[in-house]
Amino acid sequence: MTKIFKASPSLPPPVNSVGPVAWIRQNLVSTPFNTALTLISLYILYLLVPPVISWAIINATWDGESKADCTAGGACWAFIRVRFDQFMYGRYPLEEYWRINLGCILLIVLIGMYAIKVVNKTILTTFILIAYPVIAYLLFAGGLLGLEQVETELWGGLFLTVLLGIIGIIASFPLGVLLALGRRSNMPIVKSVCIIFIETIRAVPLITILFMASVMIPLFLPDGLNFNKMLRVLIGITLFSAAYMAEVIRGGLQAIPKGQYEAADAMGLTYWQSMLLVILPQALKLVIPGIVNTFIALFKDTTLVYIVGMFDLLGMIQLASHSPKWLGTTIEGYAFSGFLYWIICFSMSRYSMTVERKLETGHKRN
Amino acid sequence: MFVGYYLFSNLQANLDKQGIATGFGFLNQPAGFPILIHLIEYTEANTYGRAFVVALINTFVISLLGIVLATIIGVIMGLARLSNNWLIARLATVYVETLRNIPLLLQMFFWYFAVLSALPGPKNSIIFGDFLMNNRGIYSPNPQFQNGFGFVVFGFFVGVAAAIALIVWAKRRQTRTGIWFPAYWASLGTIVAITFLSLVLSGFPVEFDLPELGRFNIVGGMVLTPEFVAVLIALSTYTSSFIAEIVRAGIQSVNWGQTEASRSLGLPDGLTQRLIVLPQALRVIIPPLTSQFLNLAKNSSLGAAIAYPELVSVVMGTTSGQTGQSIETIGLCMLVYGSLSLTISLFMNWYNKKMSLTER
Amino acid sequence: MTEQNMALAQLEAGEKATIEFNDVNKWYGDFHVLKNINFSIKKGERIVVCGPSGSGKSTMIRCVNRLEEHQKGSIMVDGIEMNDNLKNIEAIRKDVGMVFQHFNLFPHLTILENLTLAPIWVRKMPKKEAEEMAMHYLERVKIANQAAKFPGQLSGGQQQRVAIARGLCMKPRIMLFDEPTSALDPEMIKEVLDVMIQLAEEGMTMICVTHEMGFAKTVADRVVFMDAGEIVEANEPHKFFDDPQHDRTQLFLSQILNH
């Protein structure tokens with residue numbers, strides 16, 4: 001004689017264990033120590049937040065022609081507004097800004113085309129990696145097709161920062177792959193050269209590499225021939241980034257099970273074929289978070305070019321905030337540029353975390 | 001091969017043309033430039049070699065101080081991120097995410113140009129007790145050690161020895177009888193007490209040279225220049241944000257089941273953390289932590305941008321600028337950083353081998 | 001509760017129930033995971049808890065040693081109430097041992113150190129005494145020769161036997177088993193079950209959450225079936241397996257016994 005079991009209804013939790021009051025009890029005042037911490041934090045917030053808000057918003061000046069126009073106890077955002085173009089474009093001539101804008105829009109459109117299904121991805125990638133840089137260079141530097149020439153010394157601001165970052169990471173990528181492969185190679189000369197190169201670069205600060213590129217490269221070239229400073233700096237940045245990229249990629253290569261290498265060999269593929277068709281696609285997918293992190297670090301490191309005399313975003317801020325009309329606006333300058341850097345780096349790190357999470361679920365075997 | 005030869009011949013030609021010497025002979029020549037911060041005796045008449053040593057010491061000191069500060073702040077922030085207290089955890093997250101994503105150079109400029117420059121002049125210095133703060137630096141009392149101080153140092157070492165003996169005794173006692181004496185706190189107290197006792201017994205053989213406002217400037221006391229302070233604060237806070245993440249990840253890497261097993265055995269939370277979670281977390285924390293220490297030492301080179309006389313600014317900046325021997329100077333710098341890096345790598349390899357969990 | 005009262009309560013409890021669930025309810029946020037659990041266990045009873053996944057069986061036994069907190073009702077262990085009072089929690093945890101599905105041995109300590117850790121630090125035993133006791137229990141679970149090894153060097157079955165010995169070293173009155181064999185390869189299940197059967201035959205009060213019905217039939221005094229957070233049926237094994245009362249129980253048994 002089977003009884004039918006009547007399940008009890010699911011009741012809501014007791015009132016004192018959910019809801020905002022319960023949340024405060026559990027998270028903020030659960031023990032005397034916790035309560036003390038909460039009070040200290042609230043006090044710190046009280047000390048910091050109101051003065052900052054009153055400085056940055058309430059007493060701030062948004063219009064003006066010089067520091068004198070700004071009220072004393074407030075932020076001088078007029079400084080940012082007046083000099084905004086310079087922060088974005090450096091000392092690039094005003095009339096030619098459209099060239100930079102065009103180059104950026106073109107890039108965004110090209111990248112957006114990845115979303116369109118009809119487009120052949122390989123052709124798109126080749127175009128972006130080969131044709132676009134040439135187009136962009138012609139656009140920015142000019143000297144041809146009726147475009148006025150703009151020397152690279154004049155490139156600056158956020159434009160220069162982003163340019164250095166993107167070129168640095170894209171150029172260092174193939175070099176990093178080669179170094180990583182070389183480090184795992186069986187040929188002793190290749191392996192040692194790669195190891196020495198990677199370890200030396202990783203052991204020294206970027207600034208020594210930049211100095212080296214800036215000061216030493218001209219010494220090795222015959223008289224008269226000299227690279228443009230930006231090119232020298234780019235070479236330094238690329239080499240530096242390539243060493244770190246190589247280590248990240250090497251981690252990915254090590255994570256590929258030996259069976260993959262063996263299967264590729266067994267199929268009769270040559271070394272380069274197995275690398276390009278089998279191993280690298282898998283390894284690179286694994287290390288996308290690592291690559292993004294290297295890019296974030298590189299992006300922050302572009303600020304160092306100021307020390308060797310180039311005026312990236314930070315450089316322009318320094319220049320502008322020490323000019324006679326705007327003395328004393330350093331805080332506004334740093335706040336603005338700091339915010340820009342922060343937004344870009346933070347978004348990239350969030351992106352990297354999302355990718356990492358997606359990859360983890362994809363690889364989870366239990 | 002040919003490329004190498006070609007480059008080298010160009011190098012020779014260019015060096016000759018510009019009249020630049022080669023080799024390290026310049027190290028024996030008089031430097032001719034002052035260095036504002038020097039922990040050993042140095043004047044313009046000293047050699048480049050001595051300038052190099054001064055800069056090396058500066059780099060070393062600021063790196064060491066930076067590492068200590070960054071670790072302390074980083075550990076606190078890492079633990080705060082894991083706190084049950086929602087406010088503390090959020091504040092720590094804001095701290096970490098803000099400092100991590102802003103370039104170090106910008107942060108250094110912020111402290112130097114925006115904060116320290118905004119301090120008032122010497123006549124209007126901000127005063128904390130015996131400490132003075134103005135835009136020329138932070139002035140603190142300068143301890144002058146007198147004759148009896150050797151006794152105090154001796155007392156300190158006696159305190160340390162007593163502390164070690166106390167811990168050894170407590171451990172032995174626990175092995176024998178099972179009773180545990182809180183030896184770690186007691187040993188700390190012992191060191192402090194015995195050192196203080198020796199201070200009293202020798203009649204406090206320390207005098208303090210207090211900073212005071214002279215006619216135009218502060219006289220007396222010990223000064224921490226704005227360059228030094230800015231570099232130190234920037235390095236410490238920036239690196240501490242990375243260390244916080246490393247500490248947090250390390251603690252979270254320990255399986256929750258470990259804490260549950262420990263609790264189910266009746267171990268109180270304090271012992272669970274100390275005996276079970278911490279040893280396992282440290283294994284995961286130490287390797288990336290030593291990388292951050294190396295990064296901090298390398299990042300000290302950014303001090304060159306605000307003329308803090310560390311290695312890069314003195315050797316690669318001024319010396320290279322004056323003698324033109326860029327290759328040797330850059331090589332010298334790279335040698336220093338390279339050896340530092342090598343030492344830390346060797347330590348890490350040794351540590352990893354020692355700590356790896358034995359598995360089948 | 002003062003020390004005297006606690007001891008008195010424990011004396012009285014010897015005659016009464018060892019573990020008592022009174023109207024125990026638990027929520028994870030809004031999800032009602034334990035509904036009106038009413039159950040008592042006498043000293044020396046061997047209880048097997050079974051049911052579909054998500055039924056709350058693990059949650060229920062983890063409330064006994066406060067690895068989970070209940071929001072309503074009361075749980076009494078040997079006369080002491082399990083609540084937020086730290087003294088109560090620690091007193092109960094000393095006398096209740098637990099074995100986990102994933103063993104949770106401490107990987108940075110040797111097997112011997114795993115066993116002696118709690119006796120030394122909680123029961124304040126001298127090291128030598130603790131080690132002798134540990135070796136005694138290691139011999140009981142037939143693994144004494146591995147005492148100097150680390151958990152990473154042992155197989156799953158060996159690790160779980162060590163985990164049982166580790167729980168026993170605290171001389172608990174009650175042992176809780178949370179799916180002790182679910183993470184083991186089939187050939188290792190028997191060695192662990194043999195140890196548990198031996199424990200049961202020596203009279204240890206135990207609650208065991210498991211899918212091993214053979215074990216239930218051999219050893220259990222009562223089998224408890226839970227579904228969707230409540231106890232559906234609890235009976236002696238022969239009645240439970242041969243004459244289940246409720247449709248839910250019948251469905252569950254048909255699924256689990258028919259392959």
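Since we're looking at a predicted model, the values are computed, not measured. (Residues numbered from 1 in each chain as written. Chains lettered and ligands numbered in written order. Predicted model: local features only at pLDDT ≥ 70, side-chain atom pairs only at ≥ 80, totals over all residues. Heavy atoms only, no water.)

Notes on the overall build of chain A
Assigned secondary structure in chain A consists of 14 helices and zero strands. The principal-axis extents of the C-alpha atoms in chain A amount to approximately 95 × 75 × 45 Å. Within chain A, buried positions represent 43% of all 366 residues. Counted over contacts in chain A with a minimum sequence separation of 6, partners at least 24 positions apart contribute 65%. (Helix = DSSP H or I, 4+ residues; strand = E, 2+ residues; numbered from the N terminus. Buried < 20%, exposed > 50% of the residue type's maximum accessible area, 1.4 Å probe, protein only. Contact = heavy atoms within 4.5 Å.)

What about the domain arrangement of chain A?
All names here are of chain A. Taken domain by domain, chain A holds domain 1 (45-82) and domain 2 (83-92 + 150-254 + 287-359). Just the C-alpha atoms count here: the centres of domain 1 and domain 2 sit 32 Å apart. Contact residues are listed per partner, giving 14 residues for domain 1 and 15 residues for domain 2. For the pair domain 1 and domain 2, the summed buried surface comes to about 1200 Å²; carbon and sulfur atoms form 73% of the total. Of all residues in domain 1, K67, F79 and I80 bury the most surface against domain 2, accounting for 57% of the area lost on that side. Counting across the domain 1 and domain 2 interface gives zero salt bridges. Across the domain 1-domain 2 interface, the total number found is seven residue pairs in polar contact (both at pLDDT 80 or more). A class-by-class count of the residues in the side of domain 1 that touches domain 2 yields eight nonpolar, three polar and three charged. (Domains from an automatic or database assignment. Buried area = accessible area lost by both parts, 1.4 Å probe. Salt bridge = Lys/Arg side-chain N within 4 Å of Asp/Glu carboxyl O. Polar contact = N/O pair within 3.5 Å; in protein donor to acceptor, adjacent residues only side chain to side chain. Nonpolar A, V, L, I, M, F, W, Y, C, P; charged D, E, K, R; others polar.)

Some words on the sheet that holds strand β3 (residues 46-50) of chain C
Residues and elements named next belong to chain C. Read across the open sheet, the six strands follow the order β6-β7-β8-β3-β9-β10; overall the sheet is mixed. Single-partner strands in this sheet number two, and they are β6 (96-99) and β10 (230-235). With strand direction ignored, the average angle separating the axes of adjacent strands in the sheet is 20°. Judged from the five bridges that link them, strand β9 (residues 222-227) and β10 form a sheet pairing that is antiparallel. Across the sheet, residue M226 finds its bridge partner in β10, namely I231. Seen against the sheet, helix α10 (residues 247-257) touches β3, β9 and β10 and runs at an angle of roughly 100° to β9. (Pairing = 2+ DSSP bridges. Axes fitted to C-alpha atoms, helices over the stretch in contact; angles between N-to-C directions.)

Description of the interface of chain A and chain B
It is common to give the size of an interface as the accessible area that goes away when the parts come together. Of the residues lining the interface, 46 residues belong to chain A; the matching set on chain B comes to 43 residues. On inspection of chain A and its partner chain B, the count reaches zero salt bridges. Inspection of the region where chain A meets chain B yields eight residue pairs in polar contact (both at pLDDT 80 or more). Elements that contribute at least two residues to the side of chain A that touches chain B include exactly α1 (19-27), α2 (32-58), α7 (188-203), α8 (206-219), α13 (313-321) and α14 (330-363) of chain A. Here the side of chain A that touches chain B takes eleven residues from α14(A), the largest share from any one element. The residue makeup of the side of chain A that touches chain B, split by class, is 29 nonpolar, 13 polar and four charged.

Concerning the packing of helix α4 (residues 97-112) of chain A against helix α5 (residues 121-141) of chain A
All names here are of chain A. Orientation of α4 relative to α5, taken along the N-to-C sense of each, is 175°, at an axis distance of 9 Å. Viewed along their axes, α4 and α5 adopt a mutual orientation that is roughly antiparallel. Where α4 abuts α5, its residues R99, I100, L102, G103, C104, L106, L107, L110 and I111 lie against L124, F127, I128, Y132, I135, L138, L139, F140 and A141. Among the residues making up the contact of α4 with α5, the classes are represented as 16 nonpolar, one polar and one charged. (Parallel < 35°, antiparallel > 145°, perpendicular 65-115°, else oblique.)

Describing the side chain of C:R62
One can find C:R62 in helix α2 (residues 57-64). Residue classification places C:R62 among the buried positions, given a relative accessible area of 13%. In this view, C:R62 contacts B:E260, C:L67, C:E68, C:M98, C:F100 and C:D178; residues no more than four positions away in its chain are not counted.

Re a negative patch on the surface
Residue and element names in this part refer to chain C. A contiguous patch of negative charge, built from E113, E129, E131 and E132, is present on the exposed surface. Of the residues forming the negative patch, the biggest block, three residues, is contributed by helix α5 (residues 127-140). Note that E131 resides in helix α5. (Patch = residues over 30% accessible without salt bridge, like charges linked within 9 Å, V, L, I, M, F, W, Y side chains within 5 Å. Areas by Shrake-Rupley, 256 points an atom, 1.4 Å probe, with all protein chains shown as cover. Lys, Arg positive; Asp, Glu negative; His and termini not counted. Charge placed at Lys NZ, Arg CZ, Asp CG, Glu CD.)

Quick word on the sheet that holds strand β2 (residues 131-134) of chain B
Residues and elements named next belong to chain B. Read across the open sheet, the four strands follow the order β1-β2-β3-β8; overall the sheet is antiparallel. Either end of the sheet is taken by a strand with one partner, and the two such strands are β1 (126-128) and β8 (222-224). Here the strands of the sheet are splayed against their neighbours by 20° on average, with no regard to which way each runs. Taken together, the three bridges between β2 and strand β3 (residues 137-140) define a ladder with antiparallel strand orientation. Bridged to L132 within β3 is Y139.

Topic: the nonpolar core
A:F87, A:Y92, A:F140, A:W155, A:L253 and B:F33 are the most contacted members of the largest nonpolar core, which totals 147 residues. Of the domains in this structure, domain 1 (45-82) and domain 2 (83-92 + 150-254 + 287-359) of chain A are the two that each give at least three residues to this core. Apart from residues lying up to four places away in sequence, A:W155 is in contact with A:Y89, A:Y92, A:Y137, A:F140, A:A141, A:V150, A:L160, A:L163, A:M230 and A:F311. Residues C:I75, C:M125, C:L154 and C:M188 belong to the second largest nonpolar core, which totals 98 residues. (Core = buried A, V, L, I, M, F, W, Y, C linked by side-chain atoms within 4.5 Å.)

Overview of the interface of chain C and chain B
If you look at the interface, chain C gives 31 residues, while chain B gives 28 residues. A combined buried area of about 2600 Å² lies between chain C and chain B, and 63% of that area is made up of carbon and sulfur atoms. Contact with chain B buries surface across chain C, with C:R93, C:H108 and C:W121 losing the most and accounting together for 26% of the total. Between B:E260 and C:R62 there is a salt bridge whose closest N-O contact spans 2.5 Å. The tally of links from chain C across to chain B stands at six residue pairs in polar contact (both at pLDDT 80 or more). Of all elements in the fold, only α3 (86-95), β6, α4 (111-121), α5 and α6 (156-168) of chain C reach the threshold of two or more residues within the side of chain C that touches chain B. When residues of the side of chain C that touches chain B are assigned to their parent elements, the largest contribution, four residues, is made by α4(C).

Describing the environment of A:L253
Residues and elements named next belong to chain A. With respect to the helices and strands, the residue L253 is situated in helix α9 (residues 229-255). The spatial distance from the C-alpha of L253 to the C-alpha of A22 is 50 Å, given a sequence separation of 231 residues. Setting aside anything within four residues of it in sequence, one finds L253 in contact with A180, L181, R184, Y261, I279, L280 and A283.

Looking at the confidence of the model for chain C
The predicted coordinates of low-pLDDT regions are not to be read in fine detail. For chain C, the mean per-residue pLDDT works out to 89, and 93% of the residues sit at or above 70. Scored as a complex, the prediction yields pTM 0.87 and ipTM 0.88. (pLDDT = per-residue confidence, 0-100.)

Brief notes about unusual backbone geometry
Residue and element names in this part refer to chain C. Look at D78: it is not a glycine, yet its phi comes out positive at around 55°. Within the secondary structure layout, D78 lies in the loop between β4 (72-77) and β5 (80-81). Assessed through its relative accessible area of 8%, D78 is described here as buried. One non-glycine residue, A228, adopts positive backbone phi at about 50°. By the secondary structure assignment, A228 is in the loop between β9 and β10.

Things to note about α2(A)
Over its 27 residues, α2(A) extends 37 Å from the first C-alpha to the last, a length consistent with the 39 Å expected when each residue adds 1.5 Å. Along α2(A), the positions that sit buried rather than exposed are A:N34, A:L37, A:T38, A:S41 and A:A56. In this structure, the buried residues of α2(A) make contact with α3 (77-89) of chain A together with α3 (86-100) of chain B. (Expected span 1.5 Å × (residues − 1).)

Considerations on a nonpolar patch on the surface
Where nonpolar side chains cluster on the molecular surface, the patch consists of A:I40, A:Y43, A:I44, A:Y46, A:L47, A:L48, A:V49, A:I53, A:I57 and A:I58 and spans about 1000 Å² of accessible area. Its location among the elements puts A:I53 in helix α2.

A word on the state of the cysteines
In a disulfide, the sulfur atoms of two cysteines are held together by a covalent bond. This structure, assessed with the given rule, holds one disulfide over all chains. Note that A:C70 is cross-linked by a disulfide to A:C76, the S-S spacing being 1.7 Å. Here the S-S torsion is close to 55°, and the disulfide linking A:C70 with A:C76 is therefore right-handed. A residue is classified by how much of its surface remains accessible, and A:C76, at 0% relative accessible area, is buried. Here A:C104 stays unpaired: no disulfide links it, and the sulfur of A:C345, its closest cysteine neighbor, is 18 Å away. On the basis of relative accessible area, A:C104 is assigned to the partly exposed category, the value being 40%. Free cysteine C:C169: the closest other cysteine sulfur is in C:C208, separated by 20 Å. (Disulfide = S-S within 2.5 Å.)

With respect to the side chain of A:T61
Residue and element names in this part refer to chain A. By the secondary structure assignment, T61 is in the loop between α2 and α3. By relative accessible area, T61 is classed as buried at 12%. The residues contacting T61, other than those within four sequence positions of it, are D69, C70, T71, A75, C76, W77 and A78.

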